[in-house]
Amino acid sequence: MQHLLTLIAPAGTLPATLASRVRDALAALGATTGAPDWLAEAEAVDLPFDGLAPEQAEAAARQALDGAAVDTVAQAVEGRRKRLLIADMDSTIVTSETLDELAAYAGFGEQVAAITRRSMNGEIDFATALRERVAMLKGLSLDALKATWAQTHPMPGAAELVRTMRANGAHCALASGGFTWFTGRVAEKLGFSSHHANVLEDDGTVLLGTVTEPVFDRDAKLTTLKRLCAELGLPLSAAVAVGDGANDLAMIGAAGLGVAYHAKPIVAATARVRVDHNDLRALLFAQGYRRAEFVS
């Protein structure tokens, strides 16, 4: 069959009866369905189907799931496994917002976090918000960067996502509205192929309260996605993009598989594919990797 609906749930919480209920819901709408293919027992299953658009299949699945903690991804079988991963960093590949954590050392934690929330919800221009927040860091010792890094932790599933895709020949890139000081370290720790972000300016001792222009923003993320695809000789359909904030929407919308990960409301409402209940390993199941193929 030409399409697949993948159901993904936290380990051990996806019974075969629930998968059957979803399969029956697709059939009730006139779809032709195939036998379930379990990628991980009680965790992820592929349901082959034809005769419905992916959006119709996902809507039917959500109705049949009736609020169960299961993420759904409907897509064509062809081209399912991607050759490029482009990922946001803060609150996507790492659990924190590094700029917010850094601002806490400057005594502006609450003010900066409030601006970050508005920016990630698309309420204010990202570049303007970044410059405003970075200005509050003027005079902050570079030691604060090291202290923030010590408290920066990978998102569950991040290492497996990157290492599994790299092991299968994919290029994995970080595209962050944050700072290269952090993206470089995250890239080295998790095995990303490249990283792209803003450059914090300093005098060797303290931060200057500025970033190198132009700001790496929403448009820059999309440009990076397109450039990497061109350099790698790949169509945009061969990329998976993941992020949680408004500045990720352009790259999520352009990639073959665009994923809103535990996303802000504006992103969750816009992106077709959402991961709300699982960690980043869901992106591997979405590409058809079996649990036994994951590289830890």
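Below or above, wherever it landed, is the structure these notes cover. All values derive from a computational prediction rather than experimental measurement.

Right, let's talk about the overall build of the chain for a bit. Helix and strand content of the chain: 12 helices and 13 strands. Counting only C-alpha atoms, the chain reaches 65 × 35 × 30 Å along its principal axes. The contacts in the chain between residues at least 6 apart in sequence include a share of 66% that link residues at least 24 apart. Of the accessible surface of the chain, which amounts to about 12,200 Å², a share of 51% is contributed by carbon and sulfur atoms. Across the chain, 27 positive and 35 negative side-chain charges occur, with their mean positions spaced 3 Å apart.

The next thing to look at is the pattern of salt bridges. In total, this model carries 15 salt bridges according to the counting rule given. Residues Glu123 and Arg118 are paired through a salt bridge, measuring 3.7 Å at the closest nitrogen-oxygen approach. On the accessibility criterion, Arg118 (41% relative accessible area) is partly exposed. The partner of Arg281 in a salt bridge is Asp279, with the nearest N and O atoms 3.4 Å apart. Classification of Asp279 by relative accessible area gives partly exposed; the value is 22%. Three or more residues are tied together by salt bridges with common partners; here these are Glu43, Asp279 and Arg281.

Within the element layout of this structure, Arg21 appears in helix α1 (residues 16–28). Placed 40 residues apart in sequence, Arg21 and Ala61 show a C-alpha to C-alpha distance of 8.7 Å. Sequence-distant contacts of Arg21, defined by excluding residues within four places in its chain, comprise Ala64 and Leu65.

What follows covers the sheet that holds strand β7 (residues 171–179). With respect to topology, six strands assemble into an open sheet ordered β8-β7-β6-β11-β12-β13, the strand pairing being parallel. The two strands at the open ends of the sheet, each matched to only one other strand, are β8 (194–198) and β13 (273–275). Each adjacent strand pair in this sheet contributes to an overall mean axis angle of 20°, direction not counted.

Let us look at the nonpolar core. Nonpolar side chains in soluble globular proteins tend to be buried together. Residues Leu85, Ile93, Leu102, Phe192, Leu280 and Leu283 are the most contacted members of the largest nonpolar core, which totals 57 residues. Considering each element in turn, this core owes the most residues, five residues, to helix α12 (residues 282–286).

Turning to its location among the elements, Ser96 is positioned in the loop between β6 (84–87) and α3 (98–106). Accessibility expressed as a relative area gives 11% for Ser96, which makes it buried.

What follows concerns the layout of surface pockets. Here the largest pocket defines a volume of roughly 290 Å³. Together, 17 residues line the largest pocket, and Ala255, Gly256, Leu257, Gly258 and Arg272 are the ones closest to its centre. Listed by contribution, the elements that provide at least two residues to the lining of the largest pocket are β5 (71–76), α10 (249–254) and β12 (257–261). If you tally residues by element for the lining of the largest pocket, the top one is α10, at three residues. For the lining of the largest pocket, the per-class residue count stands at seven nonpolar, seven polar and three charged. In terms of lining, the second largest pocket is formed by 15 residues, of which the most central are Arg62, Val70, Thr72, Arg274 and Asp276. Mapped onto the lining of the second largest pocket, the elements with two or more residues apiece are α2 (54–65) and β5.

Conventions adopted
- Within each chain, residue numbers correspond to sequence positions counted from 1 in written order.
- Note on the predicted model: pLDDT of at least 70 is required for a residue's local features to be given, and 80 or more for side-chain atom pairs to be given and counted; whole-chain, interface and lining totals, by contrast, use all residues.
- Side-chain descriptors were evaluated using all non-hydrogen atoms of the structure, hydrogens and water having been removed beforehand.
- By the criteria applied, helices consist of DSSP H or I runs no shorter than four residues and strands consist of E runs no shorter than two, each listed in order from the N terminus.
- The contact definition used throughout considers only heavy atoms, calling two residues in contact when any of these lie within 4.5 Å.
- Computed with the Shrake-Rupley method and a 1.4 Å probe, the accessible areas treat only the protein chains shown as cover for residues.
- Counted charges follow a simple rule, with Lys and Arg positive, Asp and Glu negative, and His plus the chain ends left uncounted.
- Where a charge lies is defined by one atom per residue type, namely NZ (Lys), CZ (Arg), CG (Asp) and CD (Glu).
- Within this document, salt bridges are pairs made up of a side-chain nitrogen of Lys or Arg and a carboxyl oxygen of Asp or Glu, the two lying within 4 Å of each other.
- Using a 1.4 Å probe on the protein chains alone, a residue whose accessible area is under 20% of its type maximum counts as buried, one over 50% counts as exposed, and one in between counts as partly exposed.
- One bridge is not enough; two strands pair if DSSP finds at least two bridges between them.
- Note on geometry: axes are C-alpha line fits, over the in-contact stretch for helices, and angles between N-to-C directions span 0 to 180 degrees.
- Here, nonpolar core means buried Ala, Val, Leu, Ile, Met, Phe, Trp, Tyr and Cys residues that are tied together by side-chain atoms lying within 4.5 Å of each other.
- Buriedness for pockets is judged along seven lines, at least five of which must meet protein on both sides within 12 Å for an open set on the 1 Å grid over protein atoms alone, while cavities are sets there where a 1.4 Å probe fits but cannot get out, and lining residues have an atom within 4 Å of a point.
- Grid points are joined across faces, edges and corners, and a volume is the space filled by probe spheres set on the points.
- Only Asp, Glu, Lys and Arg are considered charged, only Ala, Val, Leu, Ile, Met, Phe, Trp, Tyr, Cys and Pro nonpolar, and every remaining residue, Gly among them, polar.

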